[in-house]
Amino acid sequence: MIYLNKLNITKTNKIRVGRGIGSGKGKTSGRGVKGQKSRSGVAIKSFEGGQMPLYRRLPKRGFNPINKDKIAIINLSDIQKLIDSKKINLENKINIQTLKKSRVFRSSVNKYKILSKGDLKSKIDIEADYFSKTAKDKIEKIGGLVIIKNQSK
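Keep in mind that this is a model prediction, so the values were computed, not measured.

Before going further, it helps to spend a moment on the overall build of the protein chain. The helix and strand tally for the protein chain stands at four helices and seven strands. Along its sequence from the N terminus, the protein chain presents helices and strands in the succession β-β-α-β-α-α-β-β-β-α-β. In terms of C-alpha radius of gyration, the protein chain reaches 36 Å, well past the compact-globule figure of 15 Å for 153 residues. The dimensions of the protein chain, computed from C-alpha atoms along their principal axes, are 100 × 45 × 25 Å. With 153 residues in all, the protein chain has 24% of them scored as buried. The contacts in the protein chain between residues at least 6 apart in sequence include a share of 36% that link residues at least 24 apart. Taken as a whole, the protein chain presents about 12,600 Å² of accessible surface, with 51% of it coming from carbon and sulfur. Within the protein chain, the 11 negative side-chain charges are centred at a point lying 26 Å from the centre of the 37 positive side-chain charges.

Shown next as structure tokens:
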């Protein structure tokens, strides 16, 4: 039944279910007969009637950053091999572009780190994003120049 209150706002009365056949919502109270949804306390969360649910259709994202920088690593022994095979010219400064040109790194690599495995015989000027302490010490001990990108000394 619809009625008007003092502020002329229409309201509908609450339907009282389970109050006899004559009410139209008696016996099963509009829930149908048997089945999971006819019981009390049942909530079928995110069930879409057998269709693949939205949360399973979308890709998993989690804790994997989308724009993660790919940091490649290279050892001093690898750099020495490149120098010995004359893929790297000692007169120029060694940086990520020269290593990409000599096909040491893929073009998708954005940053690289130099590790200290092996020995370096040649004096080099090298620019990298990261150095291990021992690699930095080995390069400077020979008389080479270490330039750390995007960091102020």
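The next thing to look at is the side chain of S38. By secondary structure assignment, the location of S38 is in the loop between strand 2 (10-12) and helix 1 (54-57). Within the local environment of S38, its side chain forms a polar contact with the backbone oxygen of K34, the two atoms lying 2.8 Å apart. Of note is the side chain of S38, whose polar atom sits 2.7 Å from the backbone oxygen of G35.

With that out of the way, let us pick up the pattern of salt bridges. Inspection of every chain in the model, using the stated rule, returns five salt bridges. The closest approach of N and O atoms between K111 and D69, which form a salt bridge, is 3.4 Å. Here K111, found in strand 4 (residues 111-115), pairs with D69, found in the loop between helix 1 and strand 3 (71-75); they are 42 residues apart in sequence, far enough to count as distant. Note on D69: relative accessible area 35%, which makes it partly exposed.

All right, on to the side chain of D129 then. With respect to the secondary-structure elements, D129 resides in the loop between strand 5 (125-128) and strand 6 (130-131). The class of D129 is buried, set by a relative accessible area of 5%. A polar atom in the side chain of D129 sits 3.1 Å from the backbone nitrogen of Y112. Residues contacting D129, with those up to four places away along its chain left out, are N110, K111, Y112, I148, K149 and N150.

Let us look at the packing of aromatic side chains. Summed over all chains, the structure comprises one aromatic pair. For the ring pair F105 and Y112, a centre distance of 5.3 Å and an interplane angle of 50° mean the geometry is tilted. Y112 carries the same exposure label as F105, and that label is buried.

Rules of the game
Each chain has its residues counted from 1, running along the sequence as written. Local features are withheld for residues below a pLDDT of 70 in this predicted model, meaning they are given only at 70 or higher, and side-chain atom pairs are given and counted only at 80 or more; totals for whole chains, interfaces and linings count all residues. Excluded from the side-chain calculations are hydrogens and water; all other atoms, namely the structure's heavy atoms, are used. Under the DSSP-based scheme used, a helix requires at least four consecutive residues in state H or I and a strand at least two consecutive residues in state E, with every element numbered from the N terminus. Every radius of gyration here is taken over C-alpha atoms, with the globule rule written as 2.2 Å times N^0.38, N being the number of residues. Buried means the residue's accessible area, taken with a 1.4 Å probe over protein chains only, is under 20% of the maximum for its type, while exposed means over 50%, and partly exposed covers the values in between. The contact definition used throughout considers only heavy atoms, calling two residues in contact when any of these lie within 4.5 Å. Only the protein chains shown count as cover for residues, and the accessible areas themselves come from Shrake-Rupley with a 1.4 Å probe. Residues scored as charged are limited to Lys and Arg (positive) and Asp and Glu (negative), so that His and the chain ends carry no count. Taken as the charge location is NZ of Lys, CZ of Arg, CG of Asp or CD of Glu. Any pair of N or O atoms that falls within 3.5 Å is considered a polar contact. Within protein, one atom must be able to donate a hydrogen and the other to accept it, and sequence-neighbouring residues count only if both atoms are side-chain atoms. The rule for a salt bridge is simple: a side-chain nitrogen of Lys or Arg has to be within 4 Å of a carboxyl oxygen of Asp or Glu. The aromatic pairing rule takes the rings of Phe, Tyr and Trp, using the six-membered ring of Trp, and pairs them if the centres are within 6.5 Å, calling planes under 30 degrees apart stacked, those over 60 edge-to-face and the rest tilted.

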